[in-house]
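Chain by chain, the residues run as shown.
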Amino acid sequence: MVRDRKQFEKLQLLHRFYTYLDVVGEDESGLIFTCRMLKDNKCSIHLTRPPICRRYPQEELIMMGGALSEGCGYRLEPILTFAEVLENVMKKS
């Protein structure tokens, strides 16, 4: 999680991906970004996009407190509901 602008500036020097991002805000968990490569909600470098974008959205990011932005178009849906998982566990007991 990127917590402040100084940390973000260091990351921009270390990883090309971070140069594509602009800070648009901040909340209790850290900085909020937008990607400057998005044009009309489409990736302008889609064929050459970095690996992190190819894997987006990663479930791990959500588990670490990240969130998808409003209107992102992606969504994470569980394969099974919690009730279904619980039911399967109870059957095995």
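Structure: above.
The present account deals with the structure reproduced in this document. Since this is a predicted model, take the numbers as computed values, not measurements.

## So, the overall build of the protein
A count of helical and extended segments in the protein gives 4 helices and 4 strands. When the elements of the protein are put in sequence order from the N terminus, they spell out α-β-β-β-β-α-α-α. Counting only residues that meet the buried cut, the protein has 16% of its 93 residues in that class. In the protein, once contacts between residues fewer than 6 apart in sequence are set aside, the share between residues at least 24 apart is 25%.

## So, the nonpolar core
Grouped together as the largest cluster of nonpolar side chains are 10 residues: Val-2, Phe-8, Leu-11, Phe-17, Tyr-18, Tyr-20, Leu-21, Leu-31, Met-37 and Ile-45. Setting aside residues up to four positions removed in sequence, Leu-11 forms contacts with Val-2 and Tyr-18.

## Some words on the environment of Ile-45
Mapped onto the elements of the fold, Ile-45 is located in the loop between β4 (42–43) and α2 (51–54). With a relative accessible area of 19%, Ile-45 lands in the buried category. Leave out the neighbours within four places in its chain, and Ile-45 touches Tyr-20, Met-37 and Pro-50.

## Side note on the packing of aromatic side chains
Two descriptors summarise a pair of aromatic rings, namely the distance from one centre to the other and the angle between the planes of the rings. Under the criterion given, the structure shown has 3 aromatic pairs. Judged by centre distance (6.4 Å) and plane angle (80°), the ring pair of Phe-8 and Tyr-18 falls under edge-to-face. Of this pair, Phe-8 sits in helix α1 (residues 5–14) while Tyr-18 sits in the loop between α1 and β1 (21–27); the two residues are 10 residues apart in sequence, bridging distant segments of the chain. Taking relative accessible area as the criterion, Tyr-18 reaches 18% and is therefore assigned buried. An angle of 40° between the planes, with centres 5.0 Å apart, marks the rings of Phe-8 and Phe-33 as tilted. In this pair, Phe-8 sits in helix α1 while Phe-33 sits in strand β2 (residues 30–35), placing the two residues 25 residues apart along the sequence.

Calculation notes
Residues numbered from 1 in each chain as written. Predicted model: local features only at pLDDT ≥ 70, side-chain atom pairs only at ≥ 80, totals over all residues. Heavy atoms only, no water. Helix = DSSP H or I, 4+ residues; strand = E, 2+ residues; numbered from the N terminus. Buried < 20%, exposed > 50% of the residue type's maximum accessible area, 1.4 Å probe, protein only. Contact = heavy atoms within 4.5 Å. Core = buried A, V, L, I, M, F, W, Y, C linked by side-chain atoms within 4.5 Å. Phe/Tyr/Trp six-rings, centres within 6.5 Å; stacked < 30°, edge-to-face > 60°.

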